[in-house]
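Examination of the molecular architecture
Each chain, letter by letter, is given below.
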Amino acid sequence: MLEVDKNTFEAEVLQASGKVVVDFYGDGCVPCAALMPHVHGFAETYGDKLKFCALNTTKARRLAIGQKILGLPVIAVYENGAMIDSCVKDDATPENVEAMIKRHI
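Note that the structure is a prediction, hence the values are computed from the model and not measured.

**Some details on the nonpolar core**
Phe9, Val13, Val20, Val22, Phe24, Leu55 and Tyr78 are the most contacted members of the largest nonpolar core, which has 16 residues in total. Mapped by element, the contributors of at least two residues to this core are α1 (9-14), β2 (19-25), β3 (51-56), α3 (61-66) and β4 (74-79). Once you skip the residues sitting within four places of it in the chain, Leu55 turns out to touch Glu3, Val4, Asp5, Lys6, Phe9, Asp23, Phe24, Tyr25, Ala60 and Leu63. The next biggest cluster of nonpolar side chains, apart from the first, holds 15 residues, and it includes Leu35, Cys87, Val97 and Met100.

This is the structure in structure tokens:
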């Protein structure tokens, strides 16, 4: 799982070839913290098929807003620089996130 920030997000996610799963989380976000071990597990399971990154939106608010991330947690799939799928807030359960990942393998 690659930790990205406002300086590396464009190169690692928006300019990446293939699909990239991004875990948008924030400091003090309890649902984010609960979901994170599952996402790291998915990164281990599916990391040979998809790239996995995490972005702490607390340190990159403008970037998050620019990506239309207005609530947390958000797990999103990017392809060719565009968000093509996401699980947001209450829908961001481990089961839903894994189903979304499987749709893009």
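Still to come is the rest of the account.
**Structural notes on the environment of Leu55**
Along the chain, the position of Leu55 falls in strand β3. Owing to a relative accessible area of 0%, Leu55 belongs among the buried residues under this scheme. With 33 residues separating them in the primary sequence, Leu55 and Val22 have C-alpha atoms 7.1 Å apart.

**Quick notes on the packing of helix α2 (residues 30-46) against helix α4 (residues 94-103)**
Two numbers describe how α2 lies on α4: the axes approach to 10 Å, and their chain directions differ by 25 degrees. The angle between α2 and α4 falls in the class roughly parallel. Note on packing geometry: the crossing formed by α2 with α4 is right-handed. Contact with α2, carried on its side by Leu35, His38, Phe42 and Tyr46, involves Pro94, Val97, Glu98, Ile101 and Lys102 of α4 and no other residues of that element.

**Here we look at the packing of aromatic side chains**
Taken as a whole and assessed by the stated rule, the structure comprises four aromatic pairs. Aromatic pair Phe9 and Phe24: ring centres 6.1 Å apart, planes at 50 degrees, arrangement tilted. In this pair, Phe9 sits in helix α1 while Phe24 sits in strand β2, placing the two residues 15 residues apart along the sequence. Side by side, Phe9 and Phe24 carry an identical accessibility label, which is buried. Between Phe24 and Tyr78 the ring centres are 6.5 Å apart and the planes differ by 50 degrees, which places this aromatic pair in the tilted class. Highlighted residues: Phe24 in strand β2 and Tyr78 in strand β4, separated in sequence by 54 residues. A connected cluster of aromatic rings, assembled from ring pairs, spans Phe9, Phe24 and Tyr78.

**Regarding the pattern of salt bridges**
One side chain can pair with another of opposite charge once the charged atoms of both are near each other. This structure, assessed with the given rule, holds three salt bridges. Here Glu12 ties to Lys51 by a salt bridge, and the two come within 2.6 Å at their closest N and O atoms. Residue Glu12 is found in helix α1, and its partner Lys51 is found in strand β3; the two are separated by 39 residues along the sequence. Two residues, Asp85 and Arg103, come together in a salt bridge whose shortest N-O distance is 2.8 Å.

Basis of the calculations
- Residues numbered from 1 in each chain as written.
- Predicted model: local features only at pLDDT ≥ 70, side-chain atom pairs only at ≥ 80, totals over all residues.
- Heavy atoms only, no water.
- Core = buried A, V, L, I, M, F, W, Y, C linked by side-chain atoms within 4.5 Å.
- Buried < 20%, exposed > 50% of the residue type's maximum accessible area, 1.4 Å probe, protein only.
- Helix = DSSP H or I, 4+ residues; strand = E, 2+ residues; numbered from the N terminus.
- Contact = heavy atoms within 4.5 Å.
- Axes fitted to C-alpha atoms, helices over the stretch in contact; angles between N-to-C directions.
- Parallel < 35°, antiparallel > 145°, perpendicular 65-115°, else oblique.
- Left-handed = near helix turned anticlockwise from the far one by under 90°.
- Phe/Tyr/Trp six-rings, centres within 6.5 Å; stacked < 30°, edge-to-face > 60°.
- Salt bridge = Lys/Arg side-chain N within 4 Å of Asp/Glu carboxyl O.

Remember, this is a structural readout, not a statement about activity or role.
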